[in-house]
Amino acid sequence: NARDSEKLTGILEQIGYVEEEEENQADFVIYNTCTVRENANQKVYGHLGQLNRVKKKNPHMLIGLCGCMMQEPEVVEKLKKSYRFVDLIFGTHNIFKFAELVATRLESDRMVIDIWKDTDKIVEDLPSERKFSFKSGVNIMFGCNNFCSYCIVPYVRGRERSRNPKDIIREIESLVADGVVEVMLLGQNVNSYGKTLEEPMTFAQLLQEIEKIEGLERIRFMTSHPKDLSDELIEVMAQSQKICKHLHLPVQSGSTRILEKIKAAVPDISLTTDIIVGFPGETEEDFQETLDVVRKVRYDSAFTFIYSKRTGTPAAVLEEQVPEEIVKDRFDRLLKEVQSISAEVCSVHTKTVQRVLVESVNDHDDSLVTGRMSNNLLVHFPGEKDLVGKLVDVRLDTCKGFYYLGEMVASIRV
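Now for a look at the structure at hand. All of these numbers come straight from a predicted model, not from anything done at the bench.

What counts, and at which threshold
- Residues numbered from 1 in each chain as written.
- Predicted model: local features only at pLDDT ≥ 70, side-chain atom pairs only at ≥ 80, totals over all residues.
- Heavy atoms only, no water.
- Helix = DSSP H or I, 4+ residues; strand = E, 2+ residues; numbered from the N terminus.
- Buried < 20%, exposed > 50% of the residue type's maximum accessible area, 1.4 Å probe, protein only.
- Axes fitted to C-alpha atoms, helices over the stretch in contact; angles between N-to-C directions.
- Parallel < 35°, antiparallel > 145°, perpendicular 65-115°, else oblique.
- Left-handed = near helix turned anticlockwise from the far one by under 90°.
- Contact = heavy atoms within 4.5 Å.
- Nonpolar A, V, L, I, M, F, W, Y, C, P; charged D, E, K, R; others polar.
- Patch = residues over 30% accessible without salt bridge, like charges linked within 9 Å, V, L, I, M, F, W, Y side chains within 5 Å.
- Areas by Shrake-Rupley, 256 points an atom, 1.4 Å probe, with all protein chains shown as cover.
- Salt bridge = Lys/Arg side-chain N within 4 Å of Asp/Glu carboxyl O.
- 1 Å grid on protein atoms, 1.4 Å probe; cavity = no way out; pocket = protein on both sides within 12 Å on 5 of 7 lines; lining within 4 Å.
- Points joined across faces, edges and corners; volume = space filled by probe spheres on them.
- Core = buried A, V, L, I, M, F, W, Y, C linked by side-chain atoms within 4.5 Å.
- Phe/Tyr/Trp six-rings, centres within 6.5 Å; stacked < 30°, edge-to-face > 60°.

Section: unusual backbone geometry
Met 222 connects to Thr 223 through a cis peptide bond whose omega is 5 degrees. Within the secondary structure, Thr 223 is located in the loop between β9 (218–222) and α8 (231–239). Phi is positive for Asp 109, close to 60 degrees, though the residue is something other than glycine. Note that Asp 109 resides in the loop between α4 (98–108) and β4 (112–114). A positive phi angle is found at Asn 376, which is not glycine, with a value near 85 degrees. Tracing the chain through its elements places Asn 376 in the loop between β14 (368–373) and β15 (378–382). Given the relative accessible area of 26%, Asn 376 is considered partly exposed.

Below you can see the structure in the form of structure tokens.
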């Protein structure tokens, strides 16, 4: 979604718009929506109610909605019926038509709706306005073929389709020429990259080709589905000089065999995961097994979620929904366990020197800068603004649980 938003911004700037920080001062407001959880939809309706009041004072204001939420037919019907002041509605499959749709709305003076149920199209070379000058997301594929019972994503993002590797390489080379030193390869399941190509290529093979790009310092990727995590990928990660020592693997991967194989190949790898608590039918015994995985794997960090009943998914109609107070209790216990283990695991790097990509001036103290290690941990240390976007060596003095405080020992200009 963040990468899509950069494309939307890029298109708007190409057709003459300038970004405005204050929403109520804008001539055009667009929401790129997420619909993974039900409450995300409710937030959008709440924002629209506020915007309606602003638009009554500024009738020339245009309001656009796009993204995953717009792929749900009942959402579009509700917008047509109760939010007639919205000007433009489109989904996840036709971002490339954004400028054309804006022009259509300006010419027609009516609500414009353009939703595609699915697509096999991949449109290259869309303009993009990057949030960071030194790092960028790069889509390598779109859609998802894994119909997890709790998840709406395959229904709103469509089937898997992979970009041509030559187009991916060309984009990254262009980004590097523009100052990017780190890329994040994006896909709902990057491990299944290449299966839809006329000349199949594995994700591991794509990584090897990307590694050859001169000037590129770091390669990240997400998200990885355990079922497609190949021995070939583990080997490529182990031998790579550029792939970051970080693997985000959703907790379906409780497989000791897979986890041990990864740790053996890349001993200093940082493992992170997603965990859902309170899925329908979850017993206390089931939950204890979740805790058992967390204790045995010892994740560097975990994104923990209370199960969100998502209309339109098979899980939403399952019986045995777990009572709210039980789910809350389990969530609190899980969070305590995750945080305790994370603090121990992350502290192992104390007093070592690590290469860090400086990402920003610190939010709370402008005498500090904030950087990210290869394993995705953050480090705060004294430094000037001109370090942003540079790779530097930092001594990690103090671990604060999820981040470090340190001192720069050498600067490597990129």
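Some words on the packing of helix α7 (residues 203–211) against α8
Between α7 and α8, the shortest axis-to-axis distance is 8 Å and the interhelical angle comes to 20 degrees. Judged on the interaxial angle alone, α8 and α7 are roughly parallel. At the point where α7 passes α8, the crossing takes the left-handed sense. On the side of α7, the interface is formed by Phe 203, Ala 204, Gln 205, Leu 207 and Gln 208, while α8 contributes Glu 232, Leu 233 and Val 236. Residue composition of the contact of α7 with α8, grouped by class: 5 nonpolar, 2 polar and 1 charged.

Some details on a nonpolar patch on the surface
On the surface, a cluster of nonpolar side chains totalling about 240 Å² of accessible area is made up of Phe 402, Tyr 403 and Leu 405. Looking at the element boundaries, Tyr 403 is found in strand β17 (residues 403–412). For Tyr 403, a relative accessible area of 32% corresponds to the partly exposed category.

Observations concerning the layout of surface pockets
Considering only enclosed or pocket space, the second largest pocket measures out at about 610 Å³ in volume. Forming the boundary of the second largest pocket are 20 residues, of which Leu 12, Glu 19, Glu 20, Phe 28 and Ile 30 lie nearest the centre. Elements supplying a minimum of two residues to the lining of the second largest pocket: α1 (2–14) and β1 (28–33). Residues of the lining of the second largest pocket, tallied by class, amount to 9 nonpolar, 4 polar and 7 charged.

A closer look at the packing of α8 against helix α9 (residues 256–265)
When two helices pack together, their arrangement is captured by the angle between the axes and the distance separating the axes. At a minimum axis distance of 9 Å, the contact between α8 and α9 shows a crossing angle of 25 degrees. With respect to α9, the element α8 is oriented roughly parallel. In this structure, α8 crosses over α9, and the sense of that crossing is right-handed. Mapping the contact onto sequence places Asp 231, Ile 234 and Ala 238 in α8 and Lys 261, Ile 262 and Ala 265 in α9. When grouped by side-chain class, the residues that make up the contact of α8 with α9 number 4 nonpolar, no polar and 2 charged.

Here we look at the nonpolar core
Ranked by internal contacts, the top residues of the largest apolar core, which has 40 residues, are Ile 172, Leu 185, Phe 203 and Ile 210. Taken together, the elements giving at least two residues each to this core come down to α6 (165–177), β8 (182–186), α7, β9, α8 and α9. With near-sequence residues (within four places) excluded, Phe 203 lies in contact with Ile 140, Leu 185, Val 190, Asn 191, Tyr 193, Phe 221 and Leu 233. Ala 26, Leu 48, Val 54 and Met 70 belong to the second largest nonpolar core, which has 20 residues in total.

Considering the packing of aromatic side chains
This model, assessed by the stated rule, comprises 10 aromatic pairs. Note on Phe 203 and Phe 221: the rings are 5.1 Å apart at their centroids and 85 degrees apart in plane angle, and the pair reads as edge-to-face. Of this pair, Phe 203 sits in helix α7 while Phe 221 sits in strand β9, and the two are 18 residues apart along the sequence. A single burial state applies to Phe 203 and to Phe 221, both of which are buried. One aromatic cluster is present, built from ring pairs that chain together Tyr 17, Phe 28, Phe 90 and Phe 98.

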